[in-house]
Amino acid sequence: MSTPRTTAAAPAVGHSLKHLAFHLLTPLLMCLGMALAYQGAFHQPEPHHLKVAVVGVTPEARALAGAVQSGAGDALDVSTLPDRAAAEQGLLDRDLVGAFLPDASHPELLVAKANSDTSAMAAEKVFQRVTAQQGVPLAVTDLTTPSEGDPTGQGLFFLLVALSIGSYGSVAVIGAAGAALAMRIRVLVGVGVSLAVSVIGILTAGPVFHVVDHDLAGIWALGWLYSAGVIGIGIGLHTFLKRWTTLAMMVLFVMLNFTSSGGVYRPELQNGFFAGLHSFWAGAGFLEGARSLLYFDGGAGFGGHLLTLVLWLAAAGVLVVGAARYERRGRAVASSAVGAGAAEGGGGTAGWVGSAGSAGAAGVARAADSSPGEGPGVEEEMEESAVAI
């Protein structure tokens, strides 16, 4: 005897599949975004106005600079400098990528690899072709000394990655699990989390792996400023975007952030889009500020990078204030709706209306706090955050 099939099973499966497909949009969009961002930023690194100099005041030095510029076109910006001291200063100010000292038997290239190892390698290739025509080897002198635990100069970029993941990964938790808390409490929690993230970052980069071997307090402060800005922006965005906040944070602080930070290639080796982002994006502000502090004695544009982080934190403050006002308006609308319902009920049903009104207020508040057609639970939103990480 067979069991009769119910007609309710098919609609239930269809609804579940639609629900699953809707939530799969986030990882698929992340996949598309990461592919476009990373391949767009890194797939074809070529020099664009790479700043190099030829040292010398002789006609021969000027002729060499002109020949290199003519052969390279827009790939290089070639200048001449009077002496070695001026060349070293240009490199330590991070205005130059390489400075070539021509010599018939011992030509030398000055670089500052802590500024960017990949850019220094690009400059080295340029002048290796020059010395190859002369039939002599090129000596390369690095004016910077890498940290004990960071011989390649990439450690600060990985610190940026750790700070970013700790920061944007916390946003979904604060927004979803802390949704019932007042905005000011969520902001205070965010400040505390950013402090914890920055402490974890500096402890691992400093005493554990020795990527940062001095100026620990300064690098930690930059990390806290950066993390607080990221978390603040996330808390503010969550009020408006809800479950899409994770994707938005991925776009802002992974796809566009890591690719434009200068950690792999600085702007002189990237296309105009990512090179332009580098001038004001948060990740570049932290990474270039940390490089200037750690390897260039707090000079080389440190103030500008610090200002970048301060402006991002200010933007987070504006967004949080706007989100708080938006939430207050939503609660006011919900209260007005409940009050109107209670007034219409009247008479002996006042007790029943009061009870129903309380339930209605909760329902309206939940509806105001969710986008139409979404309404994910805390677990769903936190799961999507885990996918993002």
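Being a predicted model, the structure only gives us computed values, none of them experimental. (Residues numbered from 1 in each chain as written. Predicted model: local features only at pLDDT ≥ 70, side-chain atom pairs only at ≥ 80, totals over all residues. Heavy atoms only, no water.)

Student: I tried to follow the pattern of salt bridges on my own but got confused; where do I start?
Tutor: Once the charged atoms of two side chains with opposite charge are near each other, the side chains can pair. Per the counting criterion, the structure on display carries seven salt bridges. Because the salt bridges share partners, they merge into one network encompassing Arg-94, Arg-266, Glu-268, Glu-288 and Arg-291. (Salt bridge = Lys/Arg side-chain N within 4 Å of Asp/Glu carboxyl O.)

Student: It is not clear to me how the environment of Gly-317 should be interpreted in this structure. Could you clarify?
Tutor: Residue position: Gly-317 is located in helix α12 (residues 302–345). When its relative accessible area of 32% is taken as the criterion, Gly-317 is described as partly exposed. Spatially, the C-alpha atom of Gly-317 lies 10.0 Å from that of Ile-235, the residues being 82 residues apart in sequence. (Helix = DSSP H or I, 4+ residues; strand = E, 2+ residues; numbered from the N terminus. Buried < 20%, exposed > 50% of the residue type's maximum accessible area, 1.4 Å probe, protein only.)

Student: So what exactly am I meant to see when it comes to unusual backbone geometry here?
Tutor: Excluding glycine, most residues fall at negative phi; most peptide bonds, likewise, are trans. Its identity as a non-glycine residue notwithstanding, His-210 has a phi of 60°, on the positive side. Examined against the element boundaries, His-210 turns out to sit in the loop between α6 (183–208) and α7 (216–241). The partly exposed category is assigned to His-210, whose relative accessible area is 34%. Phi angles above zero are rare outside glycine, and Lys-242 is one such case at about 55°.

Student: Looking at this model, I keep getting lost on the packing of aromatic side chains. Mind explaining?
Tutor: Given two aromatic rings, their pairing is described by the distance between the two centres and the angle made by the two planes. Tallied over the entire structure, the rule returns 13 aromatic pairs. Judged by centre distance (5.4 Å) and plane angle (40°), the rings of Trp-220 and Trp-224 are tilted. You can see Trp-220 and its partner Trp-224 sitting in helix α7, four residues apart, about one turn around the helix. By relative accessible area, which is 27% here, Trp-224 ends up partly exposed. (Phe/Tyr/Trp six-rings, centres within 6.5 Å; stacked < 30°, edge-to-face > 60°.)

Student: Any chance you could explain the sheet that holds strand β4 (residues 108–111) here in plain terms?
Tutor: Remark on secondary structure: sheet strands pair via backbone hydrogen bonds, oriented parallel or antiparallel. Pairing in this open sheet of five strands is mixed, and the strands run β2-β1-β3-β4-β5 from one edge to the other. In this open sheet, the two edge strands, each paired with only one partner strand, are β2 (76–81) and β5 (139–142). Each strand of the sheet is rotated relative to its neighbour by a mean of 25°, with strand direction disregarded. Bridge count between β4 and β5: four bridges; the pairing is parallel. (Pairing = 2+ DSSP bridges. Axes fitted to C-alpha atoms, helices over the stretch in contact; angles between N-to-C directions.)

Student: What exactly am I supposed to notice about the confidence of the model for the protein here?
Tutor: Any segment with low pLDDT has predicted coordinates that should not be analysed in fine detail. Taken over all residues, the pLDDT of the protein has a mean of 86, while the share at 70 or more is 84%. Note that residues 347–376 has pLDDT below 50 and, in this model, 21 contacts with residues that lie over four places away or in other chains. (pLDDT = per-residue confidence, 0-100. Contact = heavy atoms within 4.5 Å.)

Student: What should I look at first to understand the nonpolar core in this one?
Tutor: Note that soluble globular proteins tend to have their nonpolar side chains buried in a common cluster. Core analysis: the largest hydrophobic core is formed by 80 residues, its most contacted members being Phe-127, Leu-156, Val-212, Tyr-226, Phe-253 and Phe-286. Discounting residues that sit within four places of it in the chain, Tyr-226 has contacts with Leu-160, Leu-163, Ser-164, Phe-253, Asn-257, Ala-282, Gly-283, Phe-286 and Leu-309. Counting residues in hydrophobic clusters, the runner-up holds seven residues, among them Met-183, Ile-235, Ala-323 and Ala-324. (Core = buried A, V, L, I, M, F, W, Y, C linked by side-chain atoms within 4.5 Å.)

Student: Looking at this structure, I do not really get a positive patch on the surface. What am I missing?
Tutor: Together, Arg-325, Arg-328, Arg-329 and Arg-331 make up a region of like positive charge exposed at the surface. Tracing the backbone shows Arg-331 in helix α12. For Arg-331, a relative accessible area of 48% corresponds to the partly exposed category. (Patch = residues over 30% accessible without salt bridge, like charges linked within 9 Å, V, L, I, M, F, W, Y side chains within 5 Å. Areas by Shrake-Rupley, 256 points an atom, 1.4 Å probe, with all protein chains shown as cover. Lys, Arg positive; Asp, Glu negative; His and termini not counted. Charge placed at Lys NZ, Arg CZ, Asp CG, Glu CD.)

Student: Which parts of the structure should I look at to understand a negative patch on the surface?
Tutor: Where like charges cluster on the molecular surface, the negative patch consists of Glu-148, Asp-213, Asp-215 and Asp-297. Mapped onto the elements of the fold, Glu-148 is located in the loop between β5 and α5 (155–177). A relative accessible area of 65% places Glu-148 in the exposed class.

Student: How do you make sense of the packing of α7 against helix α11 (residues 282–295) when you look at a structure like this?
Tutor: The relative placement of two packed helices comes down to the angle between their axes together with the axis-to-axis distance. It is at 10 Å that the axes of α7 and α11 come closest, and there the two elements cross at 175°. Looking at the two axes, α7 sits roughly antiparallel to α11. Residue-level contacts link Gly-218, Ile-219, Leu-222, Gly-223 and Tyr-226 of α7 to Ala-282, Gly-283, Phe-286, Gly-289, Ala-290 and Leu-293 of α11. Within the contact of α7 with α11, the residues separate by chemical class into seven nonpolar, four polar and no charged. (Parallel < 35°, antiparallel > 145°, perpendicular 65-115°, else oblique. Nonpolar A, V, L, I, M, F, W, Y, C, P; charged D, E, K, R; others polar.)

Student: Help me understand the pairing of β4, please; the structure alone is not making it clear to me.
Tutor: Looking along a regular strand, one sees side chains alternate from face to face of the sheet. Along β4, one buried face is formed by Glu-108 and Leu-110 and the opposite face, lined by Leu-109 and Val-111, is buried too. Between the antiparallel neighbours strand β3 (residues 98–101) and β4 lie six residues. Regarding topology, helix α4 (residues 117–134) serves as the crossover connection from β4 to the parallel β5, and that connection is right-handed. (Right-handed = clockwise from strand over helix to strand, strands pointing away.)

Student: Can you help me understand α6 in this one?
Tutor: For an α-helix, the turn length of 3.6 residues means that residues three or four places apart are oriented alike. Here α6 contains 26 residues, and its C-alpha end-to-end distance of 36 Å stays within 8% of the 38 Å for a straight helix at 1.5 Å per residue. Phi for His-210, located one or two positions after α6, is positive at around 60°. (Expected span 1.5 Å × (residues − 1).)

Student: How do you make sense of the environment of Gly-73 when you look at a structure like this?
Tutor: As for its position among the elements, Gly-73 is in the loop between α2 (59–72) and β2. Judged by relative accessible area, which is 28%, Gly-73 ranks as partly exposed. With 25 residues separating them in the primary sequence, Gly-73 and His-48 have C-alpha atoms 9.3 Å apart.

Student: I'm lost on the packing of α5 against α11 in this one. Help?
Tutor: Contact geometry for α5 and α11: axes closest at 10 Å, N-to-C directions at 140°. Viewed along their axes, α5 and α11 adopt a mutual orientation that is oblique. The hand of the α5/α11 crossing is right-handed. In this structure, α5 uses Leu-156, Phe-157, Leu-159, Leu-160 and Leu-163 to contact α11, whose residues at the interface are Gly-283, Phe-286, Leu-287, Ala-290, Arg-291, Leu-294 and Tyr-295. (Left-handed = near helix turned anticlockwise from the far one by under 90°.)

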